[in-house]
Amino acid sequence: MAAYSYRPGPGSNPGPAAGAALPDQNFLWNNVFRNYDRDNSGMMDKKELKQALPGLGYRLSDQFHAILILKFDRQGRGQMAFDDFIQGCFVLQRLIDIFRCYHTEQDSWIQVSYEQSLLYSLEQAA
């Protein structure tokens, strides 16, 4: 089994409130991406991403921000374009939704069997 944890902040759940939908693309563009793209480059670097995600309710480690940039930086420049940012937010929200399915004890830890992790991976690929 694998154990996963999140860094809790106020309240006992990771990410936005349970059942909350990710805001639409217009909201993300006007109220998140543009506000945190400090140099108006049309790209979001790790520092900007680290400042933007808490505004959406995500409390993540520096290491996780770096992984998000690596995963969703299609241009290989250490930055995310708006479309990459949207995709990253949707994947992040999906991961948190799955985490919540297993987060029954409300202690910030889950245990996932090998088969459960494989099933999740197959669901993501479909």
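Definitions and limits used
- Residues numbered from 1 in each chain as written.
- Predicted model: local features only at pLDDT ≥ 70, side-chain atom pairs only at ≥ 80, totals over all residues.
- Heavy atoms only, no water.
- Helix = DSSP H or I, 4+ residues; strand = E, 2+ residues; numbered from the N terminus.
- Contact = heavy atoms within 4.5 Å.
- Polar contact = N/O pair within 3.5 Å; in protein donor to acceptor, adjacent residues only side chain to side chain.
- pLDDT = per-residue confidence, 0-100.
- Phe/Tyr/Trp six-rings, centres within 6.5 Å; stacked < 30°, edge-to-face > 60°.
- Buried < 20%, exposed > 50% of the residue type's maximum accessible area, 1.4 Å probe, protein only.
- Core = buried A, V, L, I, M, F, W, Y, C linked by side-chain atoms within 4.5 Å.

Trainee: Honestly, the environment of Asp73 in this entry has me stumped. Any pointers?
Mentor: Turning to its location among the elements, Asp73 is positioned in the loop between helix H3 (62-72) and strand S3 (79-81). When the C-alpha atoms of Asp73 and Met43 are compared, they prove to be 9.8 Å apart, with 30 residues separating the residues in sequence. Not counting chain neighbours up to four residues away, the residues in contact with Asp73 comprise Gly78 and Gln79. Within the structure, Asp73 has its side chain in polar contact with the backbone nitrogen of Gln75 (distance 3.2 Å).

Trainee: Looking at this structure, I do not really get the confidence of the model for the protein chain. What am I missing?
Mentor: Caution is warranted with low-pLDDT regions, since their predicted coordinates should not be read in detail. When the pLDDT values of the protein chain are averaged, the result is 78; 78% of them are 70 or greater. For the stretch residues 1-14, pLDDT sits under 50, and the model shows 40 contacts to residues farther than four places along the chain or on other chains.

Trainee: Can you walk me through the packing of aromatic side chains in this structure?
Mentor: Aromatic ring pairs are defined here through the distance separating the ring centres and the angle between the ring planes. Inspection of every chain in the model, using the stated rule, returns 2 aromatic pairs. Aromatic pair Phe33 and Phe82: ring centres 5.3 Å apart, planes at 75°, arrangement edge-to-face. Taken together, the residues Phe33 in helix H1 (residues 25-36) and Phe82 in helix H4 (residues 82-102) connect sequence positions 49 residues apart. Judged by relative accessible area, which is 14%, Phe82 ranks as buried.

Trainee: What's the story with the nonpolar core in this structure? I'm lost.
Mentor: The tendency in soluble globular proteins is for nonpolar side chains to be buried as a group. Counting residues in hydrophobic clusters, the biggest one holds 20 residues, and the most contacted among them are Leu49, Leu53, Leu56 and Phe85. Only H1, helix H2 (46-52), H3 and H4 provide two or more residues apiece to this core. Counting residues per element, this core draws most heavily on H4, which supplies 6 residues.

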